[in-house]
Amino acid sequence: MLSTERVAKVVLVDIEGTTTSISFVHDVLFPYAKNNVKKFLEESWESSSEVKQIVRELQQVPQYAEYTATLRVPPQEVDVQVITGFVRYLIDKDLKVTPLKTLQGLIWQQGYETGELMGHVFNDVPGAFEAWREAGLRIAVYSSGSVAAQKLIFRYSIVGDLLTHLSAHFDTHVGHKQESQSYANIAQSLGEDPSHILFLTDIPGEAAAARSAGLQTIILQRPGNTPLTDDQKYSNELIADFSSLHTLQLPE
Ligand SMILES: CSCCC(=O)C(=O)COP(=O)(O)O
Ligand SMILES: [Mg+2]
């Protein structure tokens, strides 16, 4: 099927490598979280029950024992220094761990609200969002970044507030992105037949998981994305940006 003939009711977009450059996430957002995590924890550690819960969940992450074993002096008790080090360790490994993602969202909030951060989106994103909404489609987001972090990146984007275009958000609370069940959960939550959802991502493993749940998928080849193997190119529909999808229509 040519992409100009494609029909869908929902466009489900990934963020990193799809709407937004990988470089923005890795060279701006992650360093911001690493640089500010200690101060954030010092300020909120005692007073915020949400932060206390995140810390408890971080200690349950399997890599926590691995991390503390690498410390010269194993910690007697959990303190800001240990959790700060562990958060930086997880970020360096780019582990998509749910409590880490929740914490990052809280740290980035301060950066967006002070104007230190503005969410990167590729040039073609606002026009595509407008076209899809005008055609009556819903736009939803599925990212490993927390729902709060997703809302921030679009609300404070470099081209203004794009959050108004988005009608649903999903993060790893719905399941991991390379597991088929996550996409079945999303379809159920949206109340849509999976075949009426078009998932746009940069990661072949995510596309494969979504396809096995019955979603339509297309892989983005944005500047800076990881190059695909020949096999991945043959087994996926590929696009460089959203411009060929402006003509998406609702099914008759
Ligand atoms: C929500 S913006 C931050 C993105 C992020 O933390 C991340 O891990 C990106 O993962 P994605 O699933 O959007 O590729
Ligand atoms: Mg991605």
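Residues numbered from 1 in each chain as written. Chains lettered and ligands numbered in written order. Predicted model: local features only at pLDDT ≥ 70, side-chain atom pairs only at ≥ 80, totals over all residues.

I'm lost on the overall build of the chain in this one. Help?
Helices and strands together make up the secondary structure of the chain, namely 10 helices and six strands. Taken over the C-alpha trace, the chain has a radius of gyration of 19 Å; the compact-globule value for 252 residues is 18 Å, and the two agree within 12%. C-alpha extents for the chain along the principal axes are approximately 65 × 35 × 35 Å. Scored against the burial criterion, the 252 residues of the chain give a buried share of 35%. (Helix = DSSP H or I, 4+ residues; strand = E, 2+ residues; numbered from the N terminus. Rg over C-alpha atoms; globule rule 2.2 N^0.38 Å. Buried ≥ 20, exposed ≤ 12 C-beta atoms within 10 Å, placed from the backbone.)

Teacher, can you tell me more about the packing of helix α1 (residues 22-44) against helix α4 (residues 80-92) here?
What describes two packed helices is the angle between their axes and the distance between those same axes. Interhelical geometry of α1 versus α4 gives an angle of 165° and a closest axis separation of 9 Å. Considered as vectors, α1 and α4 are oriented roughly antiparallel to each other. The two elements α1 and α4 cross, and the hand of that crossing is right-handed. For the pair formed by α1 and α4, the contact residues are F30, A33, K34, V37, K38, L41 and E42 on the first element and V80, I83, T84, V87, R88 and I91 on the second. Residue composition of the contact of α1 with α4, by class: eight nonpolar, one polar and four charged. (Axes fitted to C-alpha atoms, helices over the stretch in contact; angles between N-to-C directions. Parallel < 35°, antiparallel > 145°, perpendicular 65-115°, else oblique. Left-handed = near helix turned anticlockwise from the far one by under 90°. Contact = placed C-beta atoms within 7 Å. Nonpolar A, V, L, I, M, F, W, Y, C, P; charged D, E, K, R; others polar.)

How should the environment of T20 be read in this particular structure?
Its place among the elements puts T20 in the loop between β1 (10-13) and α1. Note on T20: 25 C-beta atoms within 10 Å, which makes it buried. Here the alpha-carbon distance between T20 and E46, two residues 26 residues apart in the chain, equals 35 Å. In this structure, T20 is in contact with I15, V25, G119, H120, V121 and I153, ignoring residues within four places of it in sequence.

I keep staring at the site of ligand 1 and nothing clicks. Help me out?
Around ligand 1 there are 15 residues in total, and I15, E16, S143, S144 and G145 lie nearest to it. Listed by contribution, the elements that provide at least two residues to the shell around ligand 1 are α1 and α7 (147-155). Counting residues per element, the shell around ligand 1 draws most heavily on α7, which supplies three residues. When the residues that make up the shell around ligand 1 are grouped by side-chain class, the tally is five nonpolar, five polar and five charged. Of the domains in this structure, domain 1 (3-20 + 119-245) and domain 2 (26-114) are the two that each give at least three residues to the shell around ligand 1. (Near = placed C-beta within 6 Å. Domains from an automatic or database assignment.)

In this structure, what is going on with the packing of helix α5 (residues 98-114) against α7? I would like to understand it.
One can describe the packing of α5 onto α7 by two numbers: an axis separation of 8 Å at closest approach and a directional angle of 30°. With respect to α7, the element α5 is oriented roughly parallel. Between α5 and α7 lies a crossing of left-handed hand. Of the residues in α7, those touching α5 at K101, Q104, G105, W108, Q109 and Y112 are A148, A149 and L152. The class makeup of the residues in the contact of α5 with α7 is five nonpolar, three polar and one charged.

What should I look at first to understand the pairing of strand β2 (residues 138-142) in this one?
Pairing geometry for β1 and β2, over four bridges, is parallel. Looking at β2, one finds that L12 is bridged to A140. Across three bridges, β2 lies against strand β3 (residues 168-170) in parallel orientation. Bridge pairing links A140 to A168 in β3. Regarding the hand of the β-α-β motif, the stretch spanning β2, α7 and β3 is right-handed. (Pairing = 2+ DSSP bridges. Right-handed = clockwise from strand over helix to strand, strands pointing away.)

Which parts of the structure should I look at to understand α1?
For the α-helix, the turn length of 3.6 residues means that residues three or four positions removed from each other point alike. Its axis deflected by about 50° at N36, α1 carries its strongest bend there. Among all positions of α1, only F24, L29, A33, V37, F40 and L41 are buried. (Bend = angle between axes of the 7 residues up to and from the residue.)

Even after reading the chapter, I still don't get the nonpolar core, so can you show me in this structure?
Taken as a class, soluble globular proteins show a tendency for nonpolar side chains to be buried jointly. In this structure, V11, L12, V87, I197, L198 and F199 are the most contacted members of the largest nonpolar core, which totals 61 residues. Of the residues that make up this core, three or more belong to each of domain 1 (3-20 + 119-245) and domain 2 (26-114). If we skip the residues at most four places from it in the chain, F199 touches L12, A207, A210, L215, Q216 and T217. (Core = buried A, V, L, I, M, F, W, Y, C linked by C-beta atoms within 7 Å.)

Could you clarify how one ought to interpret the domain arrangement of the chain in this entry?
Size of an interface, as often reported, equals the accessible area lost when the parts are brought together. We note that the domain assignment places domain 1 (3-20 + 119-245) and domain 2 (26-114) within the chain. The distance between the C-alpha centroids of domain 1 and domain 2 comes to 27 Å. On the side of domain 2, nine residues touch domain 1, which itself brings 10 residues to the contact.

Whenever I open this one, unusual backbone geometry confuses me. Can you help?
Excluding glycine, a negative phi dihedral is what most residues carry, and trans is how most peptide bonds are arranged. The backbone phi angle of D94 is positive, close to 50°, even though this residue is not glycine. By the element assignment, D94 lies in the loop between α4 and α5.

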